[in-house]
Amino acid sequence: MIRQDGLDGTVTGIRAEVTVESPPDCPAVRASEAADAPATSVTKSAPSDPDAPMTEEFVLETDEAAPLEDGLPDDDREFTEVFSYGSEQVYRFDRSPDRNCFCESVEAFGCPVRDVHTRDGALMISFHAPDVDTLRDVIRRLDEGWDGVSVHRLVRSDGDREESDLAVVDRSALTARQREVLETAHEMGYFEHPKRANAGDVASELDIDPSTFSEHLATAQDKLLSAILD
């Protein structure tokens, strides 16, 4: 039986594509930077012992077959090449279960990560969240743990819409202050009808003048509307 989330039988999930710039705790990104090549097909094992290391693999795609070790320090022996074919090299490494992991932070909310790859020093993942509340919790957790997190695409399930109707929202277009203004206004109920908070209430919470709040809010909304309507 296929389970659907909406009360009327419709699917209500959201697909999110998220990027984090140069995460220091991701071996796949470090290897990609060392080889100056994208890493794709990042996969991991599921050891039966929860205290055992997690084994992960990734594929480096290079124009010329060059060993990853050429771009790594002499004392770095974390990666093992396990397969090579033409311009593709498969590398493996073991990760301690207590080592911080961007992808597992998403999966902790019951959202399996469906695609992982790197590009230009950034880690890019996609996953499906069952609802907006779960998505908000995931993004908040990622923001708390890593710098440079941005959402590049959000697609809501809707069987009645064509692909051309789907909106692309890039959170990185907003400044940190604009995001803070939007998030605070949303959490305080500024956008609800009737409002639970007015402009003065939100401005006071942010410790800014109401006019400054209105300016930040207008700019942020303009950016979001432009992304949606374009």
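Residues numbered from 1 in each chain as written. Predicted model: local features only at pLDDT ≥ 70, side-chain atom pairs only at ≥ 80, totals over all residues. Heavy atoms only, no water.

Chemist: Quick question: what am I supposed to make of the side chain of S126 here?
Modeler: Residue placement: S126 occurs in strand 7 (residues 122-129). Not counting the four nearest positions on each side in its chain, S126 is found in contact with A16, E17, V113, R114 and D115. (Helix = DSSP H or I, 4+ residues; strand = E, 2+ residues; numbered from the N terminus. Contact = heavy atoms within 4.5 Å.)

Chemist: How do you make sense of the sheet that holds strand 1 (residues 14-21) when you look at a structure like this?
Modeler: Within a beta sheet, neighbouring strands are joined by backbone hydrogen bonds and run either parallel or antiparallel to one another. Strand order across the open sheet formed by four strands is 6-7-1-8, with antiparallel pairing between neighbours. Edge positions in the sheet fall to strand 6 (113-119) and strand 8 (149-156), since each has one partner strand and no second. Here the strands of the sheet are splayed against their neighbours by 15 degrees on average, with no regard to which way each runs. One ladder, built from eight bridges, connects strand 1 with strand 7; its direction is antiparallel. Looking across to strand 7, one finds that E21 is bridged to A122. (Pairing = 2+ DSSP bridges. Axes fitted to C-alpha atoms, helices over the stretch in contact; angles between N-to-C directions.)

Chemist: Please clarify how the environment of G145 should be interpreted in this entry.
Modeler: By secondary structure assignment, the location of G145 is in helix 3 (residues 132-145). Taking the relative accessible area as the measure of exposure, G145 reaches 34% and is therefore partly exposed. Remark: the alpha-carbon pair of G145 and N100, spanning 45 residues in sequence, is separated by 9.0 Å. (Buried < 20%, exposed > 50% of the residue type's maximum accessible area, 1.4 Å probe, protein only.)

Chemist: I keep staring at a nonpolar patch on the surface and nothing clicks. Help me out?
Modeler: The grouping of V82, F83 and Y85 at the surface amounts to a nonpolar patch, some 350 Å² of accessible area in total. Residue position: Y85 is located in strand 4 (residues 80-85). The exposure class of Y85 is exposed, given its relative accessible area of 63%. (Patch = residues over 30% accessible without salt bridge, like charges linked within 9 Å, V, L, I, M, F, W, Y side chains within 5 Å. Areas by Shrake-Rupley, 256 points an atom, 1.4 Å probe, with all protein chains shown as cover. Salt bridge = Lys/Arg side-chain N within 4 Å of Asp/Glu carboxyl O.)

Chemist: I'm lost on the packing of helix 4 (residues 176-187) against helix 5 (residues 199-206) in this one. Help?
Modeler: Any two packed helices are characterised by how steeply their axes cross, that is the angle between the axes, and by the distance between the axes. Put simply, helix 4 and helix 5 touch, their axes get as near as 10 Å, and they point 125 degrees apart. The angle between helix 4 and helix 5 places the two elements in the oblique class. As for how helix 4 packs across helix 5, the hand of that crossing is right-handed. Contacts from R177, E180, V181, T184 and A185 of helix 4 reach helix 5 at V202, E205 and L206. Tallied by class, the residues present in the contact of helix 4 with helix 5 amount to four nonpolar, one polar and three charged. (Parallel < 35°, antiparallel > 145°, perpendicular 65-115°, else oblique. Left-handed = near helix turned anticlockwise from the far one by under 90°. Nonpolar A, V, L, I, M, F, W, Y, C, P; charged D, E, K, R; others polar.)

Chemist: Help me out: how do you make sense of the nonpolar core in this one?
Modeler: As a rule of thumb, nonpolar side chains are buried together in soluble globular proteins. Judged by nonpolar contacts, the single largest core of 33 residues is most densely connected at V18, F58, F102, I125, F127 and L142. What F58 contacts, discounting residues up to four positions off in sequence, is A28, A31, A39, T40, S41, V42, F79, Q89, V90, Y91 and F93. L174, A197, I208 and A220 belong to the second-largest nonpolar core, a separate cluster that totals 13 residues. (Core = buried A, V, L, I, M, F, W, Y, C linked by side-chain atoms within 4.5 Å.)

By themselves these figures say nothing about function.
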